[in-house]
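Given next are the chains, with one letter for each unit.
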Amino acid sequence: MIVKIKYLLLSFIIASTLCAQKKLTYNNKGELSKQDYQALLKTKKYQALSAFDTVSVKPLLIYAIYIKDKKSGILDDSAKEITPSIYDNIDGLNTSYTTSMFGFHENYRVKIGEKYGLISNTGKSILPVKYDYINSEEKKSIKERVRKEVIQDSIVIANLGNEELFFSPQGEQLKNKPQTSDNSATREPDYTQKPISKPKKETTQFGDIVQNLNNGFAIVQAKVENKYYYQGLVELATNKLVLPIQYEYIIPQQNDRLIVIKSKKYNLYSKKGELLLKETYDGISDYGKTFRIQKGNKTAIFDKDLNQKTDFIFDSNSFGSSDQYMAEVKIDNKAGVIDSDGKVIIPFIYDKTEAYFNKNSSGFAFFKVVLNGKKGILSAKGERLTEIIYDEIVPEYGIEEPSLYGDVTIPTDHDYDAKENKYFIITKNKKFGLLDNNFKPLIDTKYDEIKKSFHPNFIIVGKKKTKIELSLLNIQTKTEILPYEYAYFKYLGGSYFMMYKYSTMGVCSLEGKIIIPMQPYKDLSDRYYFNNIYSGLQSITGMKSNYLIDYQQSIVNLLPTK
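Attention in this report is confined to the structure presented alongside it. (Residues numbered from 1 in each chain as written. Predicted model: local features only at pLDDT ≥ 70, side-chain atom pairs only at ≥ 80, totals over all residues. Heavy atoms only, no water.)

Okay, the pairing of strand β21 (residues 257–262) next. Here is the key point about a regular strand: its side chains alternate between the two faces of the sheet. Where burial is concerned, most of β21 is hidden: five out of the six residues are buried. Where strand β20 (residues 249–252) lies against β21, four bridges are found, and the strand directions are antiparallel. Residue pairing in the sheet places Tyr249 in a bridge with Ile261 of β21. Counting the residues that bridge the hairpin from β20 to β21 gives four residues, and of these Asn255 lies at a positive phi of roughly 55°. Here β21 pairs with strand β22 (residues 265–270) via six bridges, running antiparallel. Across the sheet, Arg257 pairs through a bridge with Ser270, a residue of β22. Counted between consecutive antiparallel strands, the loop separating β21 from β22 contains two residues, among which Ser263 sits at a positive phi close to 55°. (Buried < 20%, exposed > 50% of the residue type's maximum accessible area, 1.4 Å probe, protein only. Helix = DSSP H or I, 4+ residues; strand = E, 2+ residues; numbered from the N terminus. Pairing = 2+ DSSP bridges.)

See below:
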């Protein structure tokens, strides 16, 4: 009884405040307290209410959207109704509907049924709700906006049947569409101009220039003995042939060096024609700080001064992911990692190494290694970050969301962002679990399936009965929010998951509350979509549903009641 009296007293106080048109009290998100919210809805007979947000600074206007009898209206922060609740949709209140990052519309597009109208930001009718569509063009571009202000709409375009009608922002009909200040005149291309002729091929007395090296030298090509084309090097200033026309290819490198290939043998020359290696080899590759030089089936590392840093011990054609400092490679088919001097960073004892790269900076993040069929993680310095005991270990950062329609998605490959990655999915003895971002156990390996949910605090977990059935697990609390009876989940956005079970589909909140009950669906075109309507007001829509949900979890089904 005391609680009821207190609530009635609070409702009376709120009602008195509304009558006096005093400002409502809300937090920095524009949200009323739960008590004030409930009292306002009770007093005004609203079904739901968005948070309050600034829609103009000159004058200062702070509005919310209220829902009454399944229709939308605008409410200010003293609880005054700016418009009646007659609209099915109100566009333009927040800045996300503008082309300017910091701008506000002076007029709002409104919708009743399938028809559109226009009202001012004070609720005045500008155009009646009878048009098939309404759009506005703005006077100023986003580059000119450096502070918050009202967006100056220069022209309103309304479509009615086959007609396109033009209005001023005040609703005055115009005869013609005026030019806006941002639209520059466009010029038709002049098709009478003759096409630009191709530049003539540069040539020397020794042959045609294939590549000008921009250091006074050029690679030239000529047919030898009327049979095959070969390449050489010419000094252009003196027209001197530095390297004879006898090489299949000449490949310019750093520091004015040239890799030359003749009869499938490789060597290095300077631009002056000096031979830099005493013998020819089966392959030469330039890798930033080093040369990889191949002899038979083995490769050695040479530095940029052509000092040999290792013996010919690395399996040729086994070099994997590399940067200028490190490289994956094999010795006698065993995988490891070396630095640019050939020093062993990860020993050659593994069946395989698999590099992951720092996404926003150069270099390796870590290496996944395989030993006797088991996997683990080593740091870029070769330190062991996990035990090598897992059947699989995958960072969630690299997992792409599969398409509902079975389309192929493009994976992020082996990019890795330590700040963005939330966990690693591991499997051990056919059971799934998680490691945290520091490679420590987070969820025990006890599930028959784990999938990324694409909400950072949740994963999809599965247990096998006659078949695998799914639930949602809150990683932070380590609790399952739904029973194991679902076939698929998709994170919609905000606080909601779409879920499938036995040819039915519904929506739940992050607390496991069923927002939209499970209903039969024919195909994936029946799926639900999430949208932020306004601050603190969201929608979940589908072929057979249209729900509004506010920040206090009031839910309004906008479809007609059967």
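By the secondary structure assignment, Ser362 is in the loop between β30 (352–358) and β31 (364–371). Of the residues examined, Ser362 reaches a relative accessible area of 67% and is grouped as exposed. For the pair Ser362 and Asp323, spaced 39 residues apart in sequence, the C-alpha separation works out to 8.3 Å.

Ordered by their spatial adjacency, three strands build an open sheet running β20-β21-β22, and the pairing between neighbours is antiparallel. For this open sheet the edge positions go to β20 and β22, each flanked by a neighbour on one side alone. Adjacent strand axes in the sheet meet at a mean angle of 25°, parallel and antiparallel pairs treated alike. (Axes fitted to C-alpha atoms, helices over the stretch in contact; angles between N-to-C directions.)

Here three strands make up an open sheet; going across it, the order is β27-β28-β29 and the pairing antiparallel. If you trace the sheet from one side to the other, it starts and ends with β27 (326–331) and β29 (344–350), each paired once. If you compare each strand with its neighbour and ignore which way they point, the axes differ by 20° on average.

For Thr290, the location among the structural elements is in strand β24 (residues 290–295). The exposure class of Thr290 is buried, given its relative accessible area of 6%. Ignoring sequence-local partners within four residues, the contact set of Thr290 consists of Ser285, Ile301, Phe302, Lys304 and Ser340. (Contact = heavy atoms within 4.5 Å.)

In this structure, Val55, Tyr63, Ile74, Ile90, Leu93, Tyr108 and Tyr534 are the most contacted members of the largest nonpolar core, which totals 19 residues. The set of elements that each furnish at least two residues to this core consists of β3 (60–68), β7 (107–112) and β46 (529–534). Those residues in contact with Ile74, other than ones at most four positions away along the chain, are Tyr63, Ala64, Tyr66, Lys80, Glu81, Ile82, Thr83, Ile90, Leu93, Tyr108 and Ile119. Residues Leu32, Tyr37, Tyr46 and Tyr551 belong to the second largest nonpolar core, which totals 15 residues. (Core = buried A, V, L, I, M, F, W, Y, C linked by side-chain atoms within 4.5 Å.)

A cis amide bond links Lys58 with the next residue in sequence, Pro59, at an omega value of 0°. Relative to the helices and strands, Pro59 is located in the loop between β2 (53–57) and β3. In this structure, Ser263 is a non-glycine residue whose phi angle is positive, near 55°. Of note, Ser263 is situated in the loop between β21 and β22. Taking relative accessible area as the criterion, Ser263 reaches 56% and is therefore assigned exposed.

Turning to its location among the elements, Arg109 is positioned in strand β7. In this structure the side chain of Arg109 is engaged in a polar contact, spanning 2.8 Å, whose partner is the side chain of Asp91. Here Tyr133 takes part through its side chain, which lies 3.1 Å from a polar atom of the side chain of Arg109. Excluding residues that lie within four positions of it along the chain, Arg109 makes contacts with Asn89, Ile90, Asp91, Tyr116, Gly117, Leu118, Tyr133, Ile134 and Asn135. (Polar contact = N/O pair within 3.5 Å; in protein donor to acceptor, adjacent residues only side chain to side chain.)

Turning our eyes to something else, we now look at helix α2 (residues 34–44). Here α2 has its buried residues at Tyr37, Ala39, Leu40, Leu41 and Lys44. Among the residues trailing α2, Lys45 stands out with phi positive, at a value near 60°.

Moving on to the pattern of salt bridges. Under the criterion given, the structure shown has 21 salt bridges. Ionic pairing is found between Glu392 and Lys375, a salt bridge with its closest N-O pair at 2.7 Å. Of the two residues, Glu392 sits in strand β33 (residues 392–395) while Lys375 sits in strand β32 (residues 374–379), which places them 17 residues apart along the sequence. Given a relative accessible area of 18%, Lys375 falls into the buried group. Between Lys451 and Glu449 there is a salt bridge, with its nearest N and O atoms 4.0 Å apart. Three or more residues joined by partner-sharing salt bridges are found here, namely Lys298, Asp315 and Asp332. (Salt bridge = Lys/Arg side-chain N within 4 Å of Asp/Glu carboxyl O.)

Turning our eyes to something else, we now look at the packing of aromatic side chains. Per the counting criterion, the structure on display carries 24 aromatic pairs. Ring plane angle 20° and centroid distance 5.5 Å describe the contact between Tyr26 and Phe52, whose orientation is recorded as stacked. Residue Tyr26 is found in the loop between α1 (2–20) and α2, and its partner Phe52 is found in the loop between β1 (48–49) and β2; the two are separated by 26 residues along the sequence. Its relative accessible area of 27% is what places Tyr26 among the partly exposed residues. Classification of Phe52 as buried rests on a relative accessible area of 4%. Summarising the aromatic geometry, the rings of Phe424 and Phe439 are spaced 4.8 Å apart at their centres and angled 35° between planes, so their arrangement reads as tilted. Placement of Phe424 in strand β35 (residues 424–428) and of Phe439 in the loop between β36 (431–435) and β37 (441–447) is noted, with a sequence separation of 15 residues between them. We note that Phe424, like Phe439, is buried. The lysine or arginine in question, Arg292, covers the ring of Tyr287, its NZ or CZ lying 3.6 Å from the ring centre. (Phe/Tyr/Trp six-rings, centres within 6.5 Å; stacked < 30°, edge-to-face > 60°. Lys NZ or Arg CZ within 6 Å of the ring centre and 35° of its normal.)

Within the secondary structure layout, Tyr500 lies in strand β43 (residues 496–501). In sequence terms Tyr500 and Ala487 are 13 residues apart; their C-alpha atoms lie 5.6 Å from each other.

Nothing here speaks to function; it is geometry throughout.
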